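Residues per chain are reported as follows:
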Amino acid sequence: MAIQTEFKKKLFINGCWTEAENYTDLISPYNGEVIAKIPLAGETEVDQAIEAAYNARKTMAKMPAFKRAQILENVSKLLEERQEDAAKIIALEAAKPITTAKGEVARTIQTYKFAAEEAKRIHGETLPLDSAPGGENRVSYTTREPIGVIGAITPFNFPMNLVAHKVGPAIASGNTIVLKPASQTPLSSYFIAELFQEAGLPDGALNVVTGSGKTVGDKIVSDDRVKMITFTGSPAVGIGIRNKAGLKRVTLELGSNSAVIIDEGTDLETIVPRCVTGAFSYQGQVCISLQRIYVHEKEYDRFVEKFTEAAKQLKIGDPLDPETDVSALISKDDVKRAVNWVEEAKGNGATVVTGGETDGNSLKPTVLLNVDPSEKVSCQEVFAPVVIINKISSIDEAIDLVNDSRYGLQAGIYTENIHHALHAAEELHVGGVMINDIPTFRVDHMPYGGVKESGFGREGIKYAIEEMTELKLVVFNKK
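Residues numbered from 1 in each chain as written. Predicted model: local features only at pLDDT ≥ 70, side-chain atom pairs only at ≥ 80, totals over all residues. Heavy atoms only, no water.

Caption draft 1: Focus on the sheet that holds strand β5 (residues 126–127). Read from one edge to the other, the open sheet built from three strands follows the order β5-β6-β22, with strand pairing classed as antiparallel. In this open sheet, the two strands that pair with only one neighbour each are β5 and β22 (469–477). Two elements, β5 and strand β6 (residues 138–146), share two bridges in a ladder whose sense is antiparallel. Considered in β6, the bridge of Thr 126 is made with Tyr 141. (Pairing = 2+ DSSP bridges. Helix = DSSP H or I, 4+ residues; strand = E, 2+ residues; numbered from the N terminus.)

Caption draft 2: Representation of the packing of helix α2 (residues 65–81) against helix α6 (residues 187–199) within the structure. Two numbers describe how α2 lies on α6: the axes approach to 9 Å, and their chain directions differ by 125°. Relative to α6, the element α2 is oriented oblique. Relative to α6, α2 is oriented so that their crossing is right-handed. Residues Ile 71, Leu 72, Asn 74, Val 75, Leu 78 and Leu 79 of α2 form the contact with α6, whose participating residues are Phe 191, Ile 192, Leu 195, Phe 196, Glu 198 and Ala 199. (Axes fitted to C-alpha atoms, helices over the stretch in contact; angles between N-to-C directions. Parallel < 35°, antiparallel > 145°, perpendicular 65-115°, else oblique. Left-handed = near helix turned anticlockwise from the far one by under 90°. Contact = heavy atoms within 4.5 Å.)

Caption draft 3: Here's a closer look at the pattern of salt bridges. For the structure on display, the rule yields 26 salt bridges. One salt bridge connects Asp 444 with Arg 107, and the closest N-O pair in it is separated by 2.8 Å. Here Asp 444, found in the loop between β20 (432–435) and β21 (455–456), pairs with Arg 107, found in helix α4 (residues 98–118); they are 337 residues apart in sequence, far enough to count as distant. Among the ionic pairs, Arg 121 bridges to Glu 118, the shortest N-O distance being 3.0 Å. Residue class for Glu 118 comes out buried when judged on its relative accessible area of 15%. (Salt bridge = Lys/Arg side-chain N within 4 Å of Asp/Glu carboxyl O. Buried < 20%, exposed > 50% of the residue type's maximum accessible area, 1.4 Å probe, protein only.)

Caption draft 4: Summary view of the environment of Glu 357. Within the secondary structure, Glu 357 is located in the loop between β14 (351–354) and β15 (358–359). On the basis of relative accessible area, Glu 357 is assigned to the partly exposed category, the value being 46%. Expressed as a C-alpha distance, the spacing of Glu 357 and Val 342, which sit 15 residues apart in the sequence, is 9.7 Å.

Caption draft 5: Geometry of helix α7 (residues 213–222). Three or more residues of α7 are buried, namely Val 216, Gly 217, Lys 219, Ile 220 and Val 221. Turning to α7, the residues buried within the fold contact α1 (43–62), β7 (149–153), β8 (176–180), β10 (226–232) and α8 (235–244).

Caption draft 6: A look at the environment of Gly 265. Of note, Gly 265 is situated in the loop between β12 (259–262) and α9 (268–280). Linking Gly 265 and Glu 416, residues 151 residues apart in sequence, is a C-alpha distance of 6.9 Å. With residues near it in sequence (within four places) discarded, Gly 265 still touches Glu 299 and Glu 416.

Caption draft 7: Highlighting the nonpolar core. Judged by nonpolar contacts, the single largest core of 79 residues is most densely connected at Tyr 112, Val 167, Phe 196 and Leu 206. Residues Val 260, Val 276, Ala 279 and Val 304 belong to the second largest nonpolar core, which totals 23 residues. (Core = buried A, V, L, I, M, F, W, Y, C linked by side-chain atoms within 4.5 Å.)

Caption draft 8: Representation of a nonpolar patch on the surface. A surface patch of nonpolar side chains, about 240 Å² in accessible area, is lined by Leu 127, Leu 473 and Val 475. Relative to the helices and strands, Leu 473 resides in strand β22. (Patch = residues over 30% accessible without salt bridge, like charges linked within 9 Å, V, L, I, M, F, W, Y side chains within 5 Å. Areas by Shrake-Rupley, 256 points an atom, 1.4 Å probe, with all protein chains shown as cover.)

Quick look at the structure:
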């Protein structure tokens, strides 16, 4: 399929492409041009999508594991064949630099492969009931059963791979899905729906509905036929979903202000390029983007010098240019917000050593020093190419600063001291600790999720399947 600059999409419901009454323009974050016409689903269309998923749930629940695995493997192969098209879609709708978009597509291929593998590994265990008085002469085992209809609400920043982290395990475990992608990045989801249809997924098992969060999202969250919500996005929206979901199972991944600790005696030549990547990849619009850096006072000046110089070398430009490192933020409002936060910190004594300026809808990679922990660029999720670098005198001081946050997704520490590494692993209050790496590290089969306002539940295919299935106990009385 050749990628078109303008085209009209339809809702994907029960295996059919369905017109909506209303449409909206999808605007490029980079140049403001119209990319496509996107359907706005109303309550009727959302109800149809939920009904389709509900009717297909028994078909999916009864489908043998090898068939579910084959469908997911087919999707992986189809995506591999069309990965150039997929990367261009991501670059166009999300302004993700094309090199980074290609990396996301490669990860998405791998994610569906993991899902195919895990579809064949869903099993229970036997229990020795005679371990307790009264349990004699009984045989018992557990099974895992699909939960039913899953409502998946995804963000703009990884429009293919984060969809895969919800759709992949849902299909692997025999569930059906109603997917609401982010309003800015629906094309990736429609593209994947086409691949699933071609791969042999039964009608109704995957439905894609676009539109406002209030109309589409609220209906998905409140409908009793939907048994689970899996959401990635802001804490405010996530908390609202939790409050409305009732007895539905809910998995929430709500972002962070991730930090890394740089201990004394570390190899800065290796560390700095990695930290620059963690801070500025995809304009910092990553849930585990490196936002806070705490450097030991003995290494501080050299680290700041090397990091700042590397940040200045990053190229800002068109996301379709392979040489581009940093492109446009997702919206003009996000540019204004990030600039305001930088100016607030500057007005309160922080030093801006590079960046803080805009180029069209892009914010230049920005480095701030001596930032008070109460500043928004430190204590809130900036979701922009902005990083703070502060000086610390000990590992304990750094751990306290990292933990002084409403968030707790992932954190990192670079150290040559095994005692410091183990101490940090024990004391950091986050979902994942990366030793000798940045908090931005993720591969797609590891457990991924946070604590505090970073949410609860875990992604990573095996762990998401556990969230998306119910445990059933079976007991045989042999007498």
